[in-house]
Amino acid sequence: MTNDDAPGTERAAKVRQRTEHDLDACVAVLSEVHEGDGYPVNWPDDPGAWLSPPTLLASWIAELDGHVVGHIGLSRSGEGDAAPVLWRARVGAATDATAVVNRLFVAPSARGHGIGELLMSRATSAARDRGLHPVLDVVATDTAAAALYERLGWHLLATVEQQWSPHRKVAVRCYAAPVD
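A. Expanded view of the overall build of the protein. The helix and strand inventory of the protein stands at five helices and seven strands. Scanning the protein from its N terminus toward the C terminus, one meets helices and strands in the order β-α-α-β-β-α-β-α-β-α-β-β. Radius of gyration (C-alpha) of the protein: 16 Å, near the 16 Å computed for a compact globule of 180 residues. By its C-alpha atoms, the protein is 55 × 40 × 30 Å across when sized along the principal axes. The long-range share in the protein, meaning contacts at least 24 apart out of those at least 6 apart in sequence, stands at 64%. With the model as given, the accessible surface of the protein reaches about 9,500 Å², and the carbon-plus-sulfur share is 50%.

This is the structure:
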């Protein structure tokens, strides 16, 4: 047993800006998450490109013991994002006054270290630093993610159905970060 594994010893996760060199490790973790949790619902043809959508403002990774164990992105609103539209209707703000928190995942082996909360904090702060209000959409069946958002004080705006393929509709919960 190493000192890091001693009872009562917390291993600290580090969050930093994602680089191109991190993409392969991110895709490997995403694959683990997809196999275990079904996220993303539809496995992308090009997972690296999926992690880097054209609307991306910034992305971060979490490392634990020197290994990539988590990821989060922050994007401008894109086609199909319901939360920015709901936020605009609720507060009368422009859709471009929001930033969409997306592509959040944590390796199953690294859960329980507060990594999801660290990544959410980084993305939320970055959105606010840009003068944007953070919002997100999450598949309604992802109850663990919804529980995290609600524990962090995010507000459910609505649950909507989205057409994700010609033959598949998915219920999506739309959240907004608390107002400062």
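Moving on from the model shown.
B. Main features of the nonpolar core. Grouped together as the largest cluster of nonpolar side chains are 41 residues, with contacts concentrated most on Trp60, Ile115, Leu119, Met120 and Tyr149. Looking at this core, the elements with two or more residues in it are helix 1 (23-37), strand 2 (56-64), strand 3 (67-75), strand 4 (98-106), helix 4 (115-129), strand 5 (133-139) and helix 5 (143-151). Considering every element that reaches this core, the biggest residue donor is helix 4, with six residues. If we ignore the near neighbours within four places in the chain, the residues touching Met120 are Ile72, Val101, Leu104, Leu136, Leu148, Tyr149, Leu152 and Trp154. Formed by eleven residues, the second largest nonpolar core is a distinct cluster that contains Ala82, Trp87, Cys174 and Ala176.

C. A look at the environment of Thr159. Note that Thr159 resides in strand 6 (residues 155-165). Judged by its relative accessible area of 46%, Thr159 is partly exposed. Beyond its immediate stretch of four places on either side in the chain, Thr159 contacts Ala171, Val172 and Arg173.

D. Inspection of the sheet that holds strand 6 at higher detail. In spatial order, the strands read 1-2-3-4-5-7-6; together these seven strands make up an open sheet with mixed pairing. Each of the sheet's edge strands pairs with one partner strand only, and the pair in question is strand 1 (14-17) and strand 6. In this sheet, adjacent strand axes meet at a mean angle of 30° when their direction is disregarded. For strand 1 and strand 2, the ladder comprises four bridges, and the chain directions are antiparallel. What sits directly across from Gln17, in strand 2, is Trp60.

E. Region of interest: the side chain of Arg18. Residue placement: Arg18 occurs in the loop between strand 1 and helix 1. There is no salt bridge for the buried Arg18, and the closest opposite charge comes from Asp22, which lies 6.1 Å off by N-O distance. A polar atom in the side chain of Arg18 sits 3.0 Å from the backbone oxygen of Leu51. A polar contact is formed between the side chain of Arg18 and the side chain of His71, at a distance of 2.9 Å. In this structure Arg18 touches Leu23, Cys26, Leu51, Ser52, Leu56, Ser59, Trp60, Ile61 and His71, once residues within four positions along its chain are discounted.

Here is what the cut-offs are and how they apply
- Residues numbered from 1 in each chain as written.
- Predicted model: local features only at pLDDT ≥ 70, side-chain atom pairs only at ≥ 80, totals over all residues.
- Heavy atoms only, no water.
- Helix = DSSP H or I, 4+ residues; strand = E, 2+ residues; numbered from the N terminus.
- Rg over C-alpha atoms; globule rule 2.2 N^0.38 Å.
- Contact = heavy atoms within 4.5 Å.
- Areas by Shrake-Rupley, 256 points an atom, 1.4 Å probe, with all protein chains shown as cover.
- Core = buried A, V, L, I, M, F, W, Y, C linked by side-chain atoms within 4.5 Å.
- Buried < 20%, exposed > 50% of the residue type's maximum accessible area, 1.4 Å probe, protein only.
- Pairing = 2+ DSSP bridges.
- Axes fitted to C-alpha atoms, helices over the stretch in contact; angles between N-to-C directions.
- Lys, Arg positive; Asp, Glu negative; His and termini not counted.
- Salt bridge = Lys/Arg side-chain N within 4 Å of Asp/Glu carboxyl O.
- Polar contact = N/O pair within 3.5 Å; in protein donor to acceptor, adjacent residues only side chain to side chain.

Everything listed here is a matter of coordinates, which is why it stays silent on function.
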